[in-house]
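Chain and residue survey
Chain by chain, the residues run as shown.
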Amino acid sequence: NKPVLLVFLCFSLARSRSLKRVTLAVSGFWFWGDAPIRVPGARDRGISMSTERKRNARLFDVDRSSVSSEGYSLDGKLDSQRHSDILQKRETLPVRKQKNEFLDVLKKNQVIILVGQTGSGKTTQIPQFVLEAFEVETSVKRPKMMVACTQPCPVAAVSASQRVAEEMNVIVGEEVGYSICFEDNISDKTVLKYLTDGMLLREAMAKPLLEMYRVIIIDEAHERTLATSVLFGYLKLVLGMRPDLKLVVMSATVEAKLQDYFDGAPLMKIYCVQHPVDIFYTMKPESDFLGATIRSVVEIHQREEPGDILAFLTRQEEIEEACHRISEEIGKLGNKVGPVEIVYLHSTLPPDMQQKIFEPAPPPLVEDGPPGRKIVVSTITAETSLSIDRIAYVIDPGVVEQKFYDSRVGVEFLMVSPVSRDRADMRASLAGRTVPGKCFRLYTERSYNQDRHGQTDPEILRSNLGSIVLILKKLEVPDLRHFMNLPAEEALTRALKELSDLGALDDKGNLTELGNMMSKFPLDPQMAKMLVVSPGFNCSNEILSICAMLSAKFLFLVPNCFREGFDKVKARFVDTDGDYLTLLNVYNEFKRNIIAEEDLSWCDTNFINYSVLKSAQNVRQHLVQCMSRCGIEMCRTYLYGPEYYDNISKAILAGYFMQVAHLECTGDYLTVKGNQYVHLHPSNFLGGKPEWVVYNEIVSTSMNFIRTAMDVRGEWLVDIAPPRYYLKNFPNSEAKQILELLEKWKEEQRKWEREESKNKRYVPRK
Ligand code: CDP
Ligand code: MG
């Protein structure tokens, strides 16, 4: 076996990172000398819109001064005129007419299911009715019990709390607050809390009977998110133990199964007027749905009667591009058409920008001129979670980006797929919520009737269950199989196996000490493990920043006309060894350069999206608190030391050893788990095609891409993963054969080291 050993030793030396790092550091120095590139007018395009913000802006900054001070008095509350307008509008909501009926049913029952179409006032009004009914005084310092209202995404929780605070004329964070992953805005005064469904589950880990709540409202139940599905099961157990607790389930569609699930709980419907909606289909299938959406918006603006437009697209970058192109196209039409306000909406948009979707369309430029229009371009967030008034035209390209989990091979994908018929109908109904409307479907009628599922599968059937199983283990829920009530057990078995491979569960399926620590982080199990074990690789500081940056999407904001300049700028941050290191460089440089929020020129010149970096900084602070609560050591690895790359890569692998791909002879990458052919995502910054890569996620478009990748060494894989992990678990492949060889080599090395130490021990003394 000596030749094998020799080959690998040479191989390892040739790939030594310390040599490569020195070269890069030198070339990096050269790049830093470049003259900065200015982006004229960047601020107008939203590239850096935050100079007006307060220094300690929150993740979702609810500082009203950043929205508009109009309508507010000095103490931050609404002035009386604006408040009375809001109250007047609130009285017109359908749900107000059924207030007494609702309270009557709630008084008599522990559980109630409430169904009402989007915009009927469920999210903003029902929690206020409940507050009134239970006389939870809003003025007392420390309320005994609160009302919780869950939302499927952070944007919805923040937006609802803002609106309700306005209606109650209080400041967000006081009587009405919100709690989302990585941010709490509540106080001792809080009596009504809007929170994401995932946060409520996390709160249950600290207080299993959720004693702090008198009433729990599960909103947007029709979205059937993973956390909501699990909450139903968990709350059913809690309701049995807490007869004083009441549960309200709210949904936009009738969920008959829920009624059965909660032992025949009463179902109450909110009566709403739905205006007629004309539906139009294309004659031929449309392949470029982005282009078709843009064309449709421009045509509606030119030809149709007044009324606002809502267009659905899939991804944030697509939405931003669409807004940019729509603005260009409409700009070309000059004064022939009315003014437009183009707003985009996605689930991570900060509230000052979210609030724009509720503002009215701009007035005509001249009296009797063509009418102004508001154009909202959104992901599914605008489908039900946020209800926008005065929409008369909906453009539905018929696609949605969703997570899919292939439980046979254990691989999760982010994929654009056709929307189901029920979602398409939901989108169309939005056009007729406040006025009669039209819905333009950018697909054929045949495709609507034949190519689509009737309903979207609940998230629990298309997700990796690892995170949720970890929480349920921590909650000590007995008999998970029965509790989760899944049609097939494959996904649950996979999740249990993955958690045990990560070391979070022992042989009997109980939580280990490592698992217990991992459950305290609001992260997926792999990322949590990477963080918990990072001190072992002397790099918890760096891994913390990497985790925070992985939560930050769309770091760079580059207008098309600056693409060339961007390549130069990008080179300032790039580490060709791995995108994770590039992210780390961006974070470190951001911290070094942003000293005062008043001067964001560094962000402008580097095309950096300030609010994204700011939120990453906030995520990091929260993770630091989690670390200190768990007593995990903070340490850092020296940037120019020979160990820098090795330490960070090994810590990443300790969490993500299941997500590695090998470059096959054919020139394609093959994932070790699931044997999927994948390609490096075009956004990667790697300096070539390394033999082994660890990756963060798979994105499926025309092909399967691995996004955020890092060059790693084969021998580390067998070192860091559990013994014989790859060989026991995965089908035969070129990668597996190499790993087998590496495993053998490792065995040899260990034997050799044992011999060495034996020989040393018996060296005769002179
Ligand atoms: O939950 P549901 O869809 O039934 O309605 P809602 O979210 O309570 O919204 C009721 C009304 O409040 C709608 O007309 C919304 O446009 C409005 N609203 C608003 O103006 N600003 C917000 N931040 C939230 C809601
Ligand atoms: Mg709602």
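Residues numbered from 1 in each chain as written. Chains lettered and ligands numbered in written order. Predicted model: local features only at pLDDT ≥ 70, side-chain atom pairs only at ≥ 80, totals over all residues.

You'll find the protein chain entered in an unreviewed UniProt entry as RNA helicase, with Linum tenue given as the organism.

Concerning the overall build of the protein chain
Helix and strand content of the protein chain: 28 helices and 21 strands. Scored against the burial criterion, the 766 residues of the protein chain give a buried share of 44%. Counted over contacts in the protein chain with a minimum sequence separation of 6, partners at least 24 positions apart contribute 74%. (Helix = DSSP H or I, 4+ residues; strand = E, 2+ residues; numbered from the N terminus. Buried ≥ 20, exposed ≤ 12 C-beta atoms within 10 Å, placed from the backbone. Contact = placed C-beta atoms within 7 Å.)

Points about the pairing of strand 10 (residues 308-312)
Among the 5 residues that make up strand 10, 5 are buried, leaving the element largely enclosed by the rest of the structure. What you see with strand 10 is no split at all: Asp308, Leu310 and Phe312 on one side and Ile309 and Ala311 on the other are buried throughout. As paired elements, strand 10 and strand 13 (residues 391-396) share 4 bridges and run parallel to each other. For Ala311, the partnering residue across the bridge sits in strand 13 and is Ile395. The sheet contact formed by strand 10 and strand 12 (residues 373-378) spans 4 bridges and is parallel. The partner of Leu310 across the bridge, within strand 12, is Val376. (Pairing = 2+ DSSP bridges.)

Things to note about the confidence of the model for the protein chain
Counting all residues, the mean pLDDT for the protein chain is 84, and 86% of those residues have values of 70 or more. Across residues 1-69, where pLDDT falls below 50, the model places 84 contacts with residues more than four positions away in sequence or in other chains. This prediction of the complex comes with two scores: 0.84 for pTM and 0.99 for ipTM. (pLDDT = per-residue confidence, 0-100.)

Concerning the site of ligand 1
Close to ligand 1 lie 17 residues, the nearest being Lys122, Thr123, Thr124, Arg163 and Ser387. If you list the elements that add at least two residues to the shell around ligand 1, you get helix 5 (122-133) and helix 6 (154-168). Among the elements that take part in the shell around ligand 1, helix 5 stands out by supplying 4 residues, more than any other. Tallied by class, the residues present in the shell around ligand 1 amount to 3 nonpolar, 11 polar and 3 charged. (Near = placed C-beta within 6 Å. Nonpolar A, V, L, I, M, F, W, Y, C, P; charged D, E, K, R; others polar.)

Quick notes on the sheet that holds strand 8 (residues 267-269)
Strand pairing in a sheet is mediated by backbone hydrogen bonds. Such pairs are either parallel or antiparallel. The strand order 4-3-5-2-6-7-1-8 describes an open sheet built from 8 strands, whose pairing is mixed. Of all the strands in the sheet, just strand 4 (183-185) and strand 8 have a single pairing partner and so form its edges. Strand after strand, the sheet turns through a mean of 20 degrees between neighbouring axes, direction not considered. Both strand 1 (residues 111-115) and strand 8 contribute to a ladder of 3 bridges, which runs parallel. Its bridge partner lying in strand 8, Ile113 is registered against Leu267. (Axes fitted to C-alpha atoms, helices over the stretch in contact; angles between N-to-C directions.)

Overview of the nonpolar core
Val147, Val693 and Leu717 are the most contacted members of the largest nonpolar core, which has 192 residues in total. Sort the elements by how many residues they give to this core and helix 25 (residues 644-656) lands first, with 8 residues. Leaving out residues up to four positions away in the same chain, Leu717 has contacts with Leu653, Phe657, Val660, Trp692, Tyr726 and Leu739. (Core = buried A, V, L, I, M, F, W, Y, C linked by C-beta atoms within 7 Å.)

Details of the pairing of strand 17 (residues 660-663)
Of the strand pairs in this sheet, strand 17 and strand 20 (residues 692-700) are connected by 3 bridges, and their pairing is antiparallel. From the neighbouring strand, His662 faces strand 20, where its bridge partner is Trp692. Judged from the 3 bridges that link them, strand 17 and strand 18 (residues 669-671) form a sheet pairing that is antiparallel. Residue pairing for strand 18: Ala661 is matched across the bridge by Thr671.

Some points on the sheet that holds strand 11 (residues 340-345)
Strand order in the open sheet formed by 6 strands is 9-16-13-10-12-11, with parallel pairing between adjacent strands. Whereas interior strands pair on both sides, the edge strands pair on one side only; in this sheet they are strand 9 (277-280) and strand 11. The average angle at which neighbouring strand axes cross in this sheet is 15 degrees, direction not considered.

Considering unusual backbone geometry
Positive phi is not limited to glycine here, since Asn169 has a value of about 50 degrees. As for its placement among the helices and strands, Asn169 is situated in the loop between helix 6 and strand 3 (176-180). The class of Asn169 is partly exposed, set by 16 C-beta atoms lying within 10 Å. Phi is positive for Arg224, close to 45 degrees, though the residue is something other than glycine. Summarising the element assignment, Arg224 is placed in the loop between strand 6 (213-218) and helix 8 (226-241).

Side note on the packing of helix 10 (residues 289-303) against helix 11 (residues 316-332)
Remark: helix 10 packs on helix 11, axes separated minimally by 10 Å, with the N-to-C direction vectors making an angle of 40 degrees. On the basis of their axis angle, the class for helix 10 and helix 11 is oblique. Helix 10 and helix 11 meet at a crossing whose hand is right-handed. Contacts between helix 10 and helix 11 involve Leu290, Thr293, Ile294, Val297, Val298 and His301 from the former and Glu318, Ala322, Arg325, Ile326, Glu329 and Ile330 from the latter. Its residues assigned to classes, the contact of helix 10 with helix 11 shows 7 nonpolar, 2 polar and 3 charged. (Parallel < 35°, antiparallel > 145°, perpendicular 65-115°, else oblique. Left-handed = near helix turned anticlockwise from the far one by under 90°.)

Observations concerning helix 3 (residues 80-91)
The terminal C-alpha atoms of helix 3, which comprises 12 residues, lie 17 Å apart, in line with the 16 Å expected from a rise of 1.5 Å per residue. Counting buried positions along helix 3 gives 0 out of 12 residues, so the element sits mostly on the surface. (Expected span 1.5 Å × (residues − 1).)

As for the packing of helix 19 (residues 525-533) against helix 25
Across the interface, helix 19 lies against helix 25 with an axial gap of 7 Å and an inter-helix angle of 140 degrees. Compared by their axis directions, helix 19 and helix 25 come out oblique. Here helix 19 and helix 25 pass one another in a crossing that is right-handed. Side by side, helix 19 and helix 25 meet where Gln526, Met527, Lys529, Met530 and Val533 of the first sit next to Ala651, Ile652, Ala654, Gly655 and Tyr656 of the second. Broken down by class, the residue content of the contact of helix 19 with helix 25 amounts to 7 nonpolar, 2 polar and 1 charged.

Remarks on the environment of Trp602
Structurally, the position occupied by Trp602 is in helix 23 (residues 601-605). In this structure, the C-alpha to C-alpha distance between Trp602 and Phe590, residues 12 residues apart in sequence, is 8.1 Å. Among all residues touching Trp602, those that are not within four sequence positions of it are Asn593 and Ile594.

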